[in-house]
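Next come the chains, spelled out residue by residue.
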Amino acid sequence: MGNGDIEVSKTSHNSVKRGTRLATLVAILAILVALPLALTASNKKKDAKAPEKPLIERLDYSRIVWPNPPAITRVRFMDIFSADKIEKDNSPKKSAWMDRLAGVATGENLNAKPHYQLVTPYGMAIDSKGRLYVADEKVGAIFIFDTETKKLDLIKNGVHAHFKLITGLAIDDADRLFVSDSVMNHVLVFGPDHRAEASISQGMASPAGIAIDTENRFLYVCDTELDQVLVYDADAPYKLLRKMGAPSKHHELTGPGDFSRPTNIAVDKDGNVYVSDTFNDRVEIFDADGNFIRTFGKPGDGPGYFARPKGIAVDADGHIWVADGVQNRVQVFNPEGQVLLWMGSNGLLPGQFSALAGLAIDKNNRVFTSEQYIGRVQMFRYITNDEALAEKKRRDDAEKAKLASRSSDKASPSTADKSTATVQPPANAPAPQ
């Protein structure tokens, strides 16, 4: 073997060594690049198995109460109603590039079922089955929510009736639905089957909030144009019986028993009538014969004051609940007009309000509020006086039991003391031998 062969062999050997080092370096780089990708893919798989719920679903709504703990709860937030459930078609579907660009998820395309959303809800009522009826001024329909399943039904404009601007709702003890239309200037009456069966229009100019006295069989209608409350028979032929308040064209009357743009009305179990005198920033109270009793409230922003009171209702204990359309809060008063509790502020969270309008309370002590700028209804639970007293007694009994237990512990000797007392002989006993 010559020298030339040795040089060639050395060169070949060096080339092999360089190739091996380069291949090793490439392999290491490939591993370093692939490792983060593998970790990311692993994390994605973990995330896919257990996706984190949105913040709004992780909030504990049961803690939204009034007043704040440790005071005994009198109002508790329950739920929100705004639209029907969206049904999805989970069958695979190839997404087009336009769908991907718009962010439409593949495999979860909405089916063809129409989706109905509250826009500007106002008047509300609850039937004997606990279903919630909501009049939407913008949609021009009456939404009927099953409060347990949230299943939605509707009384539609052009299908079941002709609506222009529906505002007030009331339901009597036979589940007949009364609907005021401020533009059509009448109140429509629907049977339990949701079919229109009558129209009331005598003397009306612009009907708004309505209420029914089921005992005395009166239908009360607030007319915001006439500045009066019109009283009708609650049964056919729905005759106009009398008017409350003096007529006014300029909405300037402020005397007792008169109104300036009355918007909503409520009746208690004794037949007393409560009217939101909206432009006068007050509530007026009358007896079942229409005689003026008293008024409470005045313009202002503190507790007990009003800035355009609208929705009004009376609970099982006779408290008057008033929705304030400007201050976006609900205030609760006793029959004498003393403020007991207030709740809410301007906002979009549960327990806050935006353009608060309607208010209703059912026989199960559920309180409903409607908001026009966010298009929703919130549901609360009123804790009655009896329930609050029972909770107070429970707390008092628990505290007494705790104090008794502490006293017993202090009076009883410890185990060590008992043991010592057992082995010690009497003072005059002889010493052991």
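**Comments concerning the overall build of the protein**
At step 1: When you go through the protein residue by residue, the secondary structure sums to five helices and 27 strands.
At step 2: Burial analysis of the protein (433 residues in total) assigns 41% to the buried set.
At step 3: A separation of at least 24 residues holds for 45% of the contacts in the protein among residues at least 6 apart in sequence.
At step 4: Surface summary for the protein: the accessible area is close to 24600 Å², and the carbon and sulfur share equals 55%.

**Here's the deal with the pairing of strand β6 (residues 132–136)**
At step 1: For β6, the buried fraction is high: five of the five residues fall into the buried class.
At step 2: Burial of the side chains of β6 extends over both faces: Leu 132, Val 134 and Asp 136 are buried on one face and Tyr 133 and Ala 135 on the other.
At step 3: Pairing geometry for strand β5 (residues 121–126) and β6, over four bridges, is antiparallel. Of the residues in β6, the one forming a bridge with Ala 125 is Tyr 133.
At step 4: The turn joining β5 and β6, which pair antiparallel and follow one another in sequence, is formed by five residues; a positive phi near 85 degrees is taken by Gly 130.
At step 5: Sheet topology note: the β6/strand β7 (residues 141–145) ladder contains five bridges and is antiparallel. The partner of Ala 135 across the bridge, within β7, is Ile 142.
At step 6: Following β6, the chain reverses through four residues before pairing antiparallel with β7; Gly 140 in that reversal takes a positive phi of roughly 75 degrees.

**Details of the packing of aromatic side chains**
At step 1: Taken as a whole, this structure holds 15 aromatic pairs when the rule is applied.
At step 2: Where Trp 66 meets Phe 380, the ring centres are 5.7 Å apart and the plane angle is 70 degrees; that geometry is what we call edge-to-face. Residue Trp 66 is located in strand β1 (residues 65–66), and its partner Phe 380 is located in strand β27 (residues 376–382); the two are separated by 314 residues in the primary sequence. Residues Trp 66 and Phe 380 agree in their burial class; the two are buried.
At step 3: The interplanar angle of 85 degrees and the centroid separation of 5.7 Å between the aromatic rings of Trp 321 and Tyr 382 together place this pair among those described as edge-to-face. Here Trp 321 is found in strand β22 (residues 320–324), whereas its partner Tyr 382 is found in strand β27, with 61 residues between them in sequence. In this pair, the class of Trp 321 matches that of Tyr 382, namely buried.
At step 4: Taken together, the aromatic side chains of Tyr 61, Trp 66, Phe 77, Phe 353 and Phe 380 make up a single cluster linked through ring pairs.

**Looking at the sheet that holds strand β15 (residues 228–233)**
At step 1: Spatially, β13-β14-β15-β16 is the arrangement adopted by the four strands of the open sheet, whose pairing is antiparallel. Lying at the two open borders of the sheet, with one neighbouring strand each, are β13 (207–213) and β16 (240–244). Along the sheet, successive strands turn relative to each other by an average axial angle of 20 degrees, direction set aside.
At step 2: Of the pairings in the sheet, the one linking β13 to strand β14 (residues 218–223) comprises five bridges and is antiparallel in character. Across the sheet, the residue bridging to Ile 210 is Val 221, located in β14.

**Regarding the environment of Asp 175**
At step 1: With respect to the helices and strands, Asp 175 occurs in the loop between β9 (166–171) and β10 (177–181).
At step 2: Distance from Asp 175 to Phe 190, taken between C-alpha atoms, is 8.8 Å for residues 15 residues apart in sequence.
At step 3: Among the polar contacts listed, one links the side chain of Asp 175 to the side chain of Ser 128, at a separation of 2.6 Å.

**Describing the environment of Ile 320**
At step 1: Tracing the backbone shows Ile 320 in strand β22.
At step 2: A residue is classified by how much of its surface remains accessible, and Ile 320, at 0% relative accessible area, is buried.
At step 3: In this structure, the C-alpha to C-alpha distance between Ile 320 and Ala 266, residues 54 residues apart in sequence, is 8.9 Å.
At step 4: When residues no more than four places from it in sequence are discounted, the contact partners of Ile 320 are Tyr 274, Phe 296, Ile 312, Ala 313, Gln 331, Val 332, Phe 333, Asn 334 and Pro 335.

**Here we look at the nonpolar core**
At step 1: Of all hydrophobic cores here, the largest spans 17 residues; its most connected members are Trp 321, Met 343, Leu 359 and Phe 380.
At step 2: For Leu 359, the contacting residues outside a window of four places in its chain are Met 124, Gly 311, Ile 312, Ala 313, Trp 321, Val 322, Ala 323, Val 330, Val 367, Phe 368 and Thr 369.

**Brief notes about the layout of surface pockets**
At step 1: Taken as a whole, the largest pocket spans an internal volume of roughly 1200 Å³.
At step 2: Across the lining of the largest pocket, the residue classes break down as 22 nonpolar, 15 polar and twelve charged.

**Structural notes on the side chain of Asn 272**
At step 1: Looking at where Asn 272 falls in the secondary structure, it is placed in the loop between β17 (262–267) and β18 (273–277).
At step 2: Look at Asn 272 and you get buried, because its relative accessible area is 19%.

**Topic: the sheet that holds strand β25 (residues 356–361)**
Across a sheet, strands are paired by hydrogen bonds formed along the backbone, either parallel or antiparallel in direction.
At step 1: Spatial ordering of the open sheet is given by β1-β2-β27-β26-β25, a layout of five strands whose pairing is antiparallel. Pairing within the sheet leaves two strands with one partner each, and these edge strands are β1 and β25.

**Let's talk about the environment of Ser 354**
At step 1: Inspection of the secondary structure puts Ser 354 in the loop between β24 (339–343) and β25.
At step 2: Residue class for Ser 354 comes out buried when judged on its relative accessible area of 11%.
At step 3: Along the backbone, Ser 354 and Arg 376 are 22 residues apart, and their C-alpha atoms lie at a distance of 9.4 Å.
At step 4: Not counting the four nearest positions on each side in its chain, Ser 354 is found in contact with Asn 328, Asn 346, Gly 347, Leu 348, Glu 371, Gln 372, Tyr 373 and Ile 374.

**Topic: the side chain of Asp 362**
At step 1: Within the element layout of this structure, Asp 362 appears in the loop between β25 and β26 (366–371).
At step 2: Of the polar contacts made by the side chain of Asp 362, one reaches the side chain of Arg 366; its length is 2.7 Å.
At step 3: Not counting residues up to four positions away in its chain, the partners in contact with Asp 362 are Ile 126 and Phe 368.

**A few points about unusual backbone geometry**
At step 1: Look at the link from Pro 69 to Pro 70: it is a cis peptide, with omega at 10 degrees.
At step 2: Mapped onto the elements of the fold, Pro 70 is located in the loop between β1 and β2 (75–81).
At step 3: With an omega of 10 degrees, the peptide bond between Ala 236 and Pro 237 qualifies as cis.
At step 4: Looking at the element boundaries, Pro 237 is found in the loop between β15 and β16.
At step 5: One non-glycine residue, Asp 227, lies in positive phi territory at about 60 degrees.

What counts, and where the lines are drawn
Residues numbered from 1 in each chain as written. Predicted model: local features only at pLDDT ≥ 70, side-chain atom pairs only at ≥ 80, totals over all residues. Heavy atoms only, no water. Helix = DSSP H or I, 4+ residues; strand = E, 2+ residues; numbered from the N terminus. Buried < 20%, exposed > 50% of the residue type's maximum accessible area, 1.4 Å probe, protein only. Contact = heavy atoms within 4.5 Å. Areas by Shrake-Rupley, 256 points an atom, 1.4 Å probe, with all protein chains shown as cover. Pairing = 2+ DSSP bridges. Phe/Tyr/Trp six-rings, centres within 6.5 Å; stacked < 30°, edge-to-face > 60°. Axes fitted to C-alpha atoms, helices over the stretch in contact; angles between N-to-C directions. Polar contact = N/O pair within 3.5 Å; in protein donor to acceptor, adjacent residues only side chain to side chain. Core = buried A, V, L, I, M, F, W, Y, C linked by side-chain atoms within 4.5 Å. 1 Å grid on protein atoms, 1.4 Å probe; cavity = no way out; pocket = protein on both sides within 12 Å on 5 of 7 lines; lining within 4 Å. Points joined across faces, edges and corners; volume = space filled by probe spheres on them. Nonpolar A, V, L, I, M, F, W, Y, C, P; charged D, E, K, R; others polar.

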